Amino acid sequence: LRALLADAPTLADAAVALALACAERGARREAAQLLADVAARDPWHVDALAHLGAVLADAGRARDAATAAARVRRLDPEHALALADRQLGRGPQLG
């Protein structure tokens, strides 16, 4: 994936996949940077934002994680993260 991104750094889904692999092996800082880069290039990439929130939460950055989660809820109220937040009472209740 790194070689693919080196040739075409705008491949958001490949960057997200690499970030998830980094996070899985404990490289949270690298994962967060990759996901933040995707979100900077495509502010509507909800999956990147959702994974960024999870990585930031795992790294103890609760405020930043909450900001990412709020963006997910705002952009896609039906995203799994937004639905889970509503179930847990953390997001706006719809309907």
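Note that the coordinates shown come from a computational prediction; the quantities given were computed from them, not determined experimentally.

The rules behind each value
- Residues numbered from 1 in each chain as written.
- Predicted model: local features only at pLDDT ≥ 70, side-chain atom pairs only at ≥ 80, totals over all residues.
- Heavy atoms only, no water.
- Helix = DSSP H or I, 4+ residues; strand = E, 2+ residues; numbered from the N terminus.
- Buried < 20%, exposed > 50% of the residue type's maximum accessible area, 1.4 Å probe, protein only.
- Contact = heavy atoms within 4.5 Å.
- Expected span 1.5 Å × (residues − 1).
- Polar contact = N/O pair within 3.5 Å; in protein donor to acceptor, adjacent residues only side chain to side chain.
- Core = buried A, V, L, I, M, F, W, Y, C linked by side-chain atoms within 4.5 Å.
- Salt bridge = Lys/Arg side-chain N within 4 Å of Asp/Glu carboxyl O.

### Observations concerning the overall build of the chain
- In terms of regular secondary structure, the chain is built from six helices and zero strands.
- Across the chain, helices and strands are ordered from the amino to the carboxyl terminus as α-α-α-α-α-α.
- Here the chain, with 95 residues, has 36% of them falling under the buried criterion.
- For the chain, long-range pairs separated by at least 24 residues make up 32% of all intrachain contacts whose partners lie at least 6 apart in sequence.

### Observations concerning helix α2 (residues 12-24)
- Taking 1.5 Å per residue as the helical rise, α2 with its 13 residues ought to reach 18 Å, and the 18 Å between its terminal C-alpha atoms agrees with that figure.
- Taken together, the buried positions of α2 are Ala12, Ala14, Ala15, Val16, Leu18, Ala19 and Cys22.
- In the stretch just after α2, Gly26 is the one whose phi turns positive, near 90 degrees.

### Some details on the side chain of His79
- Mapped onto the elements of the fold, His79 is located in the loop between α5 (62-75) and α6 (80-87).
- Within polar-contact distance, the side chain of His79 engages the side chain of Asp47 at 2.9 Å.
- The contact partners of His79, leaving out residues within four places of it in the chain, are Val46, Asp47, Ala50 and Val72.

### Side note on the nonpolar core
- Counting residues in each nonpolar core, the largest one holds 17 residues, and the members touching the most others are Cys22, Leu35 and Val38.
- Within the residue set of this core, elements represented by two or more residues are α2, α3 (28-41) and α4 (46-58).
- Sort the elements by how many residues they give to this core and α2 lands first, with six residues.
- When residues no more than four places from it in sequence are discounted, the contact partners of Val38 are Ala12, Ala15, Val16, His45 and Ala48.

### Examining the pattern of salt bridges
- Inspection of the entire model under this criterion finds two salt bridges.
- Glu30 is paired through a salt bridge with Arg25; the nearest N and O atoms lie 3.6 Å apart.
- For Arg25, a relative accessible area of 54% gives the class exposed.
- A salt bridge links Asp64 to Arg61; the nearest nitrogen and oxygen atoms lie 2.8 Å apart.

### Details of the environment of Val72
- Within the element layout of this structure, Val72 appears in helix α5.
- Given a relative accessible area of 0%, Val72 falls into the buried group.
- Considered as a pair, Val72 and Ala50 are 22 residues apart in the sequence and their alpha carbons are 6.2 Å apart.
- Filtering out sequence-adjacent residues up to four positions away, Val72 remains in contact with Val46, Leu49, Ala50, Pro77, His79 and Leu81.

Interpretation note: all reported values are geometric properties and have no functional meaning in isolation.
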